[in-house]
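# Structural description and commentary
Listed here are the chains, written in short residue letters.
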Amino acid sequence: MKKMPRWADVALIPILNLLIAFIISGLVLLAIGKDPWAALGTMIDGSFGSSRGVGYTLYYTTNFIFTGLAMGIASHARMFNIGGEGQAALGGLGVALILLAVPWPHWTLALPAAILFGGLFGAAWAFIPAYLQAKRGSHIVITTIMFNFIAASLMGYLLTGVLKVPGKMAAETAKFPEGAHLPTFHEMLAPFGIEFSKHAPANLSFLVALLCLYVFWILVWRTRLGYNIRAFGESESAAVYAGINPAKIIIITMLISGAFAGLMAINNVMGEAERLIHNAVEGAGFIGIAVALMGRNHPIGIFLAALLFGFLWQGGAELQFEHQIPREMVTVIQALVILLTGALDNMVRRPVEKLFIMRYKAKGL
Amino acid sequence: MDFMTLIAIFDSTLRYATPLLLACLAGLYSERAGVVDIGLEGKMLGAAFVTGGVAYVTGSIWLGLLAGTAASIALSLIHGVASITYHGDQLISGVAINFLAAGLSIVIASAWFGLGGRTPSLPPEARFQNINLPLADTLQNVPILGPIYSELISGHTILVYVALLAVPVTWAVLFRTRFGLRLRAAGENPGAVDTAGVSVVRLRYYAILIAGLLCGLAGAYLADFAANFVKDMTAGRGFIALAALIFAKWRPWQAMGTCLLFGFLSAAAPYLENKSFMGIEVASQFIDALPYILTVIILAGFVGKAIPPRAGGQPYVKEQ
């Protein structure tokens, strides 16, 4: 039987899910005595109303593109990598180590090194869970959760110990050398005569993130490896018949996933803080889950979902100032998006499917 | 280290282990019935918040406990609707519940009390009283056994004893009743349960309701112990409970042992930190991470394989 048209699957269902999430969030705001429309207005104004707002929105978007891609590639192999948080934290460690080790003369040299080390460290942190899943059958979800906590402890240990600047209180590394400074949007757009806010953290990493979206698309749909990953995700037994080694696919996919998460560090560590600080990831790893789910593991979808969450994060910060609504309101929306697009998908999908089938029947198809 | 220090460490071991044990048993019911539950953390957090708020407003910890448990059960039901009724992904649903509780608790607490996401401190009369077991005072001066009885075993709040009692009860329910047999079967081979004419859906709902109840008690314990609710006060205990569940290989007595072990690590941490053993200094972060590291080692199957219930994580779709 003919089911839904493709546009309904890729656009209508996510939009309906999002709408329901927003309606419930609006009801929560009403229940605590706030005006949801005023809140929405503040959020839109705060995140898109000024170049500073846009700069923050795109900065968060960049983080979420990386973690969304990390979740997305794992999902194509039907793996749930909940460890993006820890992998991104370790990516930060890699970036910090290489940027502190060398007196970088210019960012054009520092960036490739940071990309390499961020990716490597993120991948390395994904390797053990991947290996245990592939060779010993330990469930990747549980092991990656455990590795998030182990990563947090490890980073806490390093940042209060060997990486800390002696004599200082703050649990953070020294500032990276001047030459490792990534151009911000302000500096990038000034030559074109565009006045972009100096105070926004958006930087060149945004372009790297866009490039990664393209690389992701090529990798998943235009290479043999991508084909193998998708085949494995569709049916492990069929993949084995086709001569695909499951252990190899699990490990390689998780390494790529960890590398994407680790790459986030070029944005938050290298681009923004310019030093490694405590809890630098700030939950972006978990937002990647919502981003990939909403974006249906496709680069365009991941970009749009990352932009949406970038807007929510920046707008959510404004809510605190303007309406005394805690930033955690965004966590509620995030939870609802994950719940509706990930777990309650059938609740929306089944009635919509029925509607389409009724329409086909009415048309005599 | 003298004897009384040891008693003090074991005493706080019990206090640390109680919420872990309650949450771990919650996970045990749920996962034995085939519903993986990584939302233990969120349910505890939700219950801790509601308990803290309601106990403060009503002045009764019992009403707080009741409301907190209801909140936890409500979160359980969301998990049930998503993963049992709509055949959704149990892991994703669990993740969503953790975020939902983390977000809602702060949003509502801020609006309710205006204290930036925490609840006001509970006065002593709105908290659980310590229960002194019979003869605790009389036996206090008996050497060795006296302190063990009157300091370590006696003098805890009721939920500590409830948690300890829940262990044999869980064992008996799961392994000595027909309900328990069916519940375990729903997690191993739901098709067979269905063939026998027993509803898998109903069994799984019962399991998650019990899980909600136990997580509610765990959350209420935390709110009572700290005398208020603060942001993220569960601090990963739901995941440590999950780790303990795996470590215990989904068995109640072993769950108790593991939770006591993990509780002991927390209780002993102040005595171990920054002391060196065999020339190696023990970092506090290492002790924090130890439950997770041990669980990964267990999961890796190097110390006896942890095999989860076979149908765990899969929605049961009735054959047409």
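Higher on the page you've got the structure.
Now for a description of the structure that goes with this document. Here the structure is a predicted model, which is why all the values come from computation and not from measurement.

## Focus on unusual backbone geometry
Residue and element names in this part refer to chain A. The residue Asn 297 is not glycine, and still its phi comes out positive at about 60°. Here Asn 297 lies in the loop between helix H13 (284-294) and helix H14 (299-323). Accessibility expressed as a relative area gives 17% for Asn 297, which makes it buried.

## A few points about the packing of aromatic side chains
All names here are of chain A. Within this structure, the stated rule accounts for 26 aromatic pairs over all chains. For the pair Phe 127 and Tyr 131, a centre-to-centre distance of 6.0 Å together with 35° between the ring planes defines the contact as tilted. With Phe 127 and Tyr 131 both in helix H5 (residues 107-136) and four residues apart, this pair spans about one turn of that helix. The partly exposed category is assigned to Phe 127, whose relative accessible area is 36%. Residue classification places Tyr 131 among the partly exposed residues on the basis of a relative accessible area of 35%. An aromatic cluster is present here, built from Tyr 56, Tyr 59, Tyr 60, Phe 64 and Trp 313 joined pairwise through their rings.

## Considering empty space enclosed by the protein
Residues and elements named next belong to chain B. Here the structure, examined in full by the defined rule, presents one cavity of 30 Å³ or more. In this model, the largest cavity occupies a volume close to 30 Å³. Surrounding the largest cavity, Leu 14, Ala 17, Thr 18, Leu 21, Val 160, Ala 163 and Leu 164 form its lining. Broken down by secondary-structure element, the contributors of at least two residues to the lining of the largest cavity are helix H1 (3-32) and helix H6 (158-176). Per-element accounting of the lining of the largest cavity gives the leading share, four residues, to H1. A class-by-class count of the residues in the lining of the largest cavity yields six nonpolar, one polar and no charged.

Parameters at a glance
- Residues numbered from 1 in each chain as written.
- Chains lettered and ligands numbered in written order.
- Predicted model: local features only at pLDDT ≥ 70, side-chain atom pairs only at ≥ 80, totals over all residues.
- Heavy atoms only, no water.
- Helix = DSSP H or I, 4+ residues; strand = E, 2+ residues; numbered from the N terminus.
- Buried < 20%, exposed > 50% of the residue type's maximum accessible area, 1.4 Å probe, protein only.
- Phe/Tyr/Trp six-rings, centres within 6.5 Å; stacked < 30°, edge-to-face > 60°.
- 1 Å grid on protein atoms, 1.4 Å probe; cavity = no way out; pocket = protein on both sides within 12 Å on 5 of 7 lines; lining within 4 Å.
- Points joined across faces, edges and corners; volume = space filled by probe spheres on them.
- Nonpolar A, V, L, I, M, F, W, Y, C, P; charged D, E, K, R; others polar.

No statement about biological role is implied by the geometric values presented.
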